Amino acid sequence: MVETPKLEQKVRSEQARAVARLLRNPGLVTGAILILMTLLVALLAPFISRDPLFQDLSVRVQAPSSVHILGTDQLGRDVWARVAHGARISLWVGFAVTALSLGVGTFIGLMAGSFGKGIDNALMRLTDIFLAFPSLILAMAIAAALGSSVGNTILAVAVVSWPSYARLVRAQVLVLREREFVEAATALGSSRLRIALQHLLPNVLTPILIQASFDIGQAILIAAGLSFIGVGVQPPTPEWGAMVSETRNFISSAPWASSAPALAILFTVLGFNLLGDGLRDVLDPRARK
Amino acid sequence: MLYPLEARNPEVTREVNIVWTYLLKRLGFVIFVVWGVTLATFFIAQVVPGDPALSALGDNAREEQILEWRELKGLNEPVIVQYGIYFRGLLSGDLGTSLRTGRPIVQDLKDFFPGTLELALTSVIFAIVFGVPAGILAALYKDRWPDLLVRLLALLGGATPIYWLAILLLELLNNRLGWLPGPGRLDAYLIPPRAVTGMVGLDSLLARDFEVFVDSFRHLILPAIVLGAFNAALLARMTRSALLEVLGQDYVRTAKAKGVRSSTLIFRHALRNAALPILTVLGGLLGGLLSGAVLTETIFSWPGIGRYATQAATSLDFPAIMGVTLLAGLATSLINLGVDLLYAAADPRISYG
């Protein structure tokens, strides 16, 4: 009983040190700031900008000014309003795709690693088949088949994103299950399912978290690509990729109209990539030098 | 060819057998994945809403026409039989007819594939020519400005929507400065060379038509840069880290202590050992090229598989989309096989187990 406070203290100082290490990583901090800014803009969009669909043809292709801080597009819509509302869609797509593919992929990876060779083989060959497709092309086929909407875009991108989690988790499980704590759990009579969920899962969370950080950015990039081509979210919905596509012919007269959403994609994806890099540096002991 | 060796040296025979077993295993794996790819495309085609008979015959089709068409295409059979029909068609090279072009899809793919191949190969060459030296520079000047620049470009390259890069480059180099031609494969007044390989650049060389060759090359520059930019950045990053890892090792320090010049050190010792990780990255890049080609070709009106796919997808030409998806899956599997084999050939430490 006397030991406990000391242990707690030790754990707390460990945590404090980990947080300090996170904060000392400049890339990670930059990434987190970029993401927080996007998140804030997305949350506050209705309060800090106008109606993204409102057209005023009398103010077509106007350069940035105090009234329209990012100018207007060819239909006289406020570019800032569209970019700000677009953040809601892109972040939602990024998080939803990642949650979906992370859930499915982690489950499949855990099962493959935990339940013997037959199940392992079947699941991993399934994963191989999905990995054989170039992601954008498969997503395109699925999005076109399902019809264009935000929900279907999420589904299409998730279908091409889950295999990386399955592989990652399985590889981790194969290493972990040789460890003593798993042996101990087995000896105590825990079922395989229980071991997988209670003992293995918590131990694979760190690499999953790192992967997820990269994947949110990638999902945003792929989804915007789909919309740019015309099989994702459809205009006039303020989606970043669709906005670049809609305004690309006005690049000479209104470069801001296509550059603003493109830069929004760039900074958001950059944010998640930096966060992923930083998390890997700090949390993955093998990558830490 | 291998038998004379066998007679002489049992060690070599065993090696050779192991290699052959590995090759066969890999080949079996590829065949399995390709079969899975056909299964996947078939099932995606199943979820397509709407009646394929109506989309093939048009909305004004009569009832008996539709029934006849369904019977003809085996659509009244159970799904598993339908898959059998689909698969048998694939084996005989029948991917169906494109609803948009009205031509056999295999023919469309054959016509458009060389264009994509030409673009992809050029972009890979671009990525290697710029990415690898940039990575070497970054490693040599670690934490100084060449290194920081390469790292910054790699970061930006990984986050930039390539279609926006394409739009900007077109606006700057074509529209404003007029240095390079706009979208398209050739200037309109030029007559394309007789198709031998289907690659316009190569065909014009074969036909000794240098005017067309120069023009086709000028049209190739921008799309190849756009498609290769991200890969160049990634390659630079990988070259840098692979080289830094090798440079930290004992034998390099020994060589340095013995007074080996740093250029010799890099090119003779370090780079050779850094080649494998670079090769791995390169393999990964090739698979991503087809995805990139979709966006690049769409913007540059490039006559390739990518633009064909976009046009098929936006006009809901499902047989064509499935054809492209199948081809893409097939191509990626074969590329991965090739990279694996190259990798195994390059590194004696790889076990063929």
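The structure reproduced in this document is the subject of the present report. Position labels on residues start from 1 in each chain and follow its written sequence. The order in which chains are written sets their letters, starting at A; the order in which ligands are written sets their numbers, starting at 1. pLDDT decides what is reported in this predicted model: residues at 70 or higher carry local features, side-chain atom pairs at 80 or more are listed and counted, and totals for whole chains, interfaces and linings draw on all residues regardless. Values shown for side chains rest on all heavy atoms present in the structure; no hydrogens or waters enter the calculation.

**Focus on the interface of chain B and chain A**
The interface of chain B with chain A comprises 45 residues on the first partner and 41 residues on the second. The largest share of the area that chain B buries against chain A comes from Tyr163, Trp164 and Ile167 of chain B, three residues that together contribute 17% of it. The term salt bridge refers to a side-chain nitrogen of Lys or Arg lying within 4 Å of a carboxyl oxygen of Asp or Glu. Here chain B and chain A share one salt bridge between them. Between Arg237 of chain B and Asp277 of chain A there is a salt bridge whose closest N-O contact spans 3.2 Å. Contact definition: two residues touch when any of their heavy atoms are within 4.5 Å. Accessible area that two parts lose when put together, with a 1.4 Å probe and added across both, is what the buried area reports.

**Quick word on the packing of helix α8 (residues 192-229) of chain A against helix α9 (residues 240-247) of chain A**
Residues and elements named next belong to chain A. Axis lines are fitted through C-alpha atoms, for helices just across the contact stretch, and the angle between N-to-C directions can take any value from 0 to 180 degrees. Only runs of H or I of at least four residues qualify as helices and only runs of E of at least two qualify as strands under DSSP, and these elements are numbered from the N terminus. Relative to each other, α8 and α9 sit at 35°, their axes nearing to 7 Å. Once α8 is placed against α9, the crossing between them reads as right-handed. Between α8, through Ala224, Ser227 and Phe228, and α9, the contact on the second element is made entirely by Gly241, Ala242, Val244 and Ser245. Note on residue classes: Ala, Val, Leu, Ile, Met, Phe, Trp, Tyr, Cys and Pro are nonpolar, Asp, Glu, Lys and Arg are charged, and everything else, Gly too, is polar. Classifying every residue of the contact of α8 with α9 by side-chain character gives four nonpolar, three polar and no charged. Note on convention: the crossing is left-handed when the near helix lies turned anticlockwise from the far helix by less than a right angle, right-handed when the turn is clockwise.

**Focus on the environment of Arg248 of chain A**
Inspection of the secondary structure puts Arg248 of chain A in the loop between α9 and α10 (255-283). Taking the C-alpha atoms as reference, Arg248 of chain A lies 6.0 Å from Ser258 of chain A; in sequence the two are 10 residues apart. Residues within four places of Arg248 of chain A in sequence aside, it is in contact with Phe228 of chain A together with Ile167 and Ile299 of chain B.

**Some remarks on the packing of aromatic side chains**
Residues and elements named next belong to chain B. Any Phe, Tyr or Trp ring, taking Trp's six-membered ring, that has another such ring centre within 6.5 Å forms a pair; planes under 30 degrees apart are called stacked, those over 60 apart edge-to-face, and the others tilted. Taken as a whole, this structure holds 12 aromatic pairs over all chains when the rule is applied. Judged by centre distance (5.9 Å) and plane angle (45°), the ring pair of Phe32 and Trp35 falls under tilted. One end of the pair, Phe32, and the other, Trp35, are both in helix α2 (residues 10-47), three residues apart, so they sit about a helical turn from each other. When its relative accessible area of 29% is taken as the criterion, Phe32 is described as partly exposed. Ring centres of Phe42 and Phe43 lie 5.3 Å apart, and the angle between their planes is 80°; this geometry places the pair in the edge-to-face category. Look at Phe42 and you get buried, because its relative accessible area is 5%. In this scheme, a residue with accessible area under 20% of its type's maximum is buried, one over 50% is exposed, and one in between is partly exposed, where area comes from a 1.4 Å probe on protein chains only. For Phe43, a relative accessible area of 44% puts it in the partly exposed group.

**Details of a nonpolar patch on the surface**
Residues and elements named next belong to chain A. A patch consists of residues whose relative accessible area exceeds 30% and which take part in no salt bridge; residues with like charges are grouped when within 9 Å of each other, and nonpolar side chains (Val, Leu, Ile, Met, Phe, Trp, Tyr) when within 5 Å. Only the protein chains shown count as covering a residue, and every accessible area follows the Shrake-Rupley method with a 1.4 Å probe. Among the surface-exposed residues, Leu36, Leu39, Leu40, Leu43, Leu44, Phe47, Ile48 and Phe95 lie close enough to one another that they form a single nonpolar patch of about 790 Å² accessible area. It is helix α2 (residues 26-48) that provides the largest number of residues to the nonpolar patch, a total of seven residues. Within the secondary structure, Ile48 is located in helix α2.

**Some details on the pattern of salt bridges**
Residue and element names in this part refer to chain B. For the structure on display, the rule yields 21 salt bridges over all chains. Between Arg62 and Glu64 there is a salt bridge whose closest N-O contact spans 3.7 Å. Arg151 is paired through a salt bridge with Asp143; the nearest N and O atoms lie 3.4 Å apart. Asp143 gets classed as partly exposed once you look at its relative accessible area, which sits at 47%. A cluster of three or more residues bridged by salt bridges with shared partners is formed by Lys142, Asp143, Asp147, Arg151 and Arg240.

**Focus: the nonpolar core**
Buried residues of nine kinds, namely Ala, Val, Leu, Ile, Met, Phe, Trp, Tyr and Cys, make up a nonpolar core once their side-chain atoms join them within 4.5 Å. Ranked by size, the top nonpolar core spans 98 residues in total, and within it Met140 and Leu226 of chain A together with Tyr163 and Ile321 of chain B carry the most contacts. Ranked by residues supplied to this core, first place goes to α10 of chain A with 13 residues. Counting residues domain by domain, this core receives three or more from each of domain 1 (18-91) and domain 2 (110-346) of chain B. With near-sequence residues (within four places) excluded, Met140 of chain A lies in contact with Leu226, Ile229 and Val231 of chain A together with Val294, Ala309, Thr310 and Ala313 of chain B. In this structure, Ile108, Leu123, Tyr165 and Val169 of chain A belong to the second largest nonpolar core, which totals 20 residues. The domain boundaries here were taken from an automatic or database domain assignment.

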